[in-house]
Amino acid sequence: MTPDNTTSVVNTGKATLQHALTVHIPTNVGAREAIGAAFQQVGGRGRPRTRAMLRLRGVPVPPTAEVPLARVFINHPAISPQVPITDPHYVGTVSFFGSGLDGHLHASSPGKTINGADNSVSFALDLTPTLQRLHGLGEPIGRNIDVQIVPVMLRTCVAECEIVPTTIELVTFGG
């Protein structure tokens, strides 16, 4: 399916275990119309015909043996690692499988490669259910969506970890 509207923001920050990353994505008129339509239209099987996706592009795989999960929220007023996934602002969790090739990663910047292979990955998350929950709670989407990325370690204590998407996109379909 071809997107009807895409807004891309080049990221200049990073998410660490101490600080969440917040990126402001402007919602242009087309995106706001599609998001509004997602609240009203329901197609077959109870799914809205209009969908919104969040894409995290060019995320370097963290160079640690125990890689983190990254929880993604939007528009949370006080984001922290303690915010549960049951919070209505929660979009989804992305994870990395391994820490590079053969468990060893020697480059962690976007565009760097290891043995000729790019060390970055991209993720797509369905934003529609979160937008519907927030709409139901009376939290309308305004001229921006604040995308918040929170790294969370499952077991070990790692002193440092960075999650740095190159680009974050808001994509709408079926407007």
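The structure under discussion appears in the preceding block.
Keep in mind that what you see is a predicted model, and the values were worked out from it rather than measured.

About the criteria used
- Residues numbered from 1 in each chain as written.
- Predicted model: local features only at pLDDT ≥ 70, side-chain atom pairs only at ≥ 80, totals over all residues.
- Heavy atoms only, no water.
- Salt bridge = Lys/Arg side-chain N within 4 Å of Asp/Glu carboxyl O.
- Helix = DSSP H or I, 4+ residues; strand = E, 2+ residues; numbered from the N terminus.
- Buried < 20%, exposed > 50% of the residue type's maximum accessible area, 1.4 Å probe, protein only.
- Pairing = 2+ DSSP bridges.
- Axes fitted to C-alpha atoms, helices over the stretch in contact; angles between N-to-C directions.
- Contact = heavy atoms within 4.5 Å.
- Core = buried A, V, L, I, M, F, W, Y, C linked by side-chain atoms within 4.5 Å.

Draft legend 1. Quick look at the pattern of salt bridges. Counted under the stated rule, the structure contains 4 salt bridges. Note that D126 is salt-bridged to R51, the shortest N-O span being 2.1 Å. Placement of the pair is D126 in strand β9 (residues 120–126) and R51 in strand β4 (residues 51–60), with a sequence separation of 75 residues. Under the relative-accessibility criterion, R51 is labelled buried at 13%. R55 serves as the salt-bridge partner of E169, at 2.8 Å between the closest nitrogen and oxygen. In this pair, E169 sits in strand β12 (residues 167–173) while R55 sits in strand β4, placing the two residues 114 residues apart along the sequence.

Draft legend 2. Here's a closer look at the sheet that holds strand β5 (residues 69–74). Reading across the sheet, the 4 strands line up as β3-β10-β5-β6 and stay open at both edges, with antiparallel pairing between neighbours. The sheet is open, and its two borders are formed by β3 (21–26) and β6 (90–95), each paired with just one other strand. Neighbour to neighbour, the strand axes of the sheet diverge by 20 degrees on average, direction disregarded. The sheet contact formed by β5 and β6 spans 5 bridges and is antiparallel. Along β6, the bridge assignment pairs A70 with V94.

Draft legend 3. Expanded view of unusual backbone geometry. At N75, a position not held by glycine, the phi torsion is positive, near 55 degrees. Note on placement: N75 falls in the loop between β5 and β6. The class of N75 is partly exposed, set by a relative accessible area of 22%.

Draft legend 4. Expanded view of the pairing of β4. In terms of burial, β4 is a largely internal element, 7 of the 10 residues being buried. As paired elements, β4 and β12 share 7 bridges and run antiparallel to each other. By the bridge assignment for β12, R57 is matched with T167.

Draft legend 5. Examining the sheet that holds strand β1 (residues 5–10) more closely. Taken in spatial order, the 4 strands make up an open sheet running β1-β12-β4-β9, and their pairing is antiparallel. The open sheet has two free edges, formed respectively by β1 and β9, since each of these has just one partner strand. Each adjacent strand pair in this sheet contributes to an overall mean axis angle of 15 degrees, direction not counted. Relative to the sheet, helix α2 (residues 128–136) contacts β4 and β9, its axis offset from that of β4 by approximately 125 degrees.

Draft legend 6. Broad picture of the environment of G92. For G92, the position within the fold is in strand β6. The class of G92 is buried, set by a relative accessible area of 6%. Sequence separation between G92 and T130 is 38 residues, and the spatial gap between their C-alpha atoms is 9.2 Å. Dropping the residues within four chain positions of it, G92 is found in contact with A70, R71, V72 and L125.

Draft legend 7. Seen up close, the nonpolar core. Judged by nonpolar contacts, the single largest core of 30 residues is most densely connected at I145, V147 and I149. Ranked by residues supplied to this core, first place goes to β4 with 4 residues. Excluding anything up to four places from it in sequence, V147 contacts L21, T22, V23, I25, L54, V72, F73, I74 and I168. In terms of nonpolar packing, the next biggest core, distinct from the first, is built from 5 residues, F73, Y90, V150 and V152 among them.

Purely geometric stuff here, so don't read any function into it on its own.
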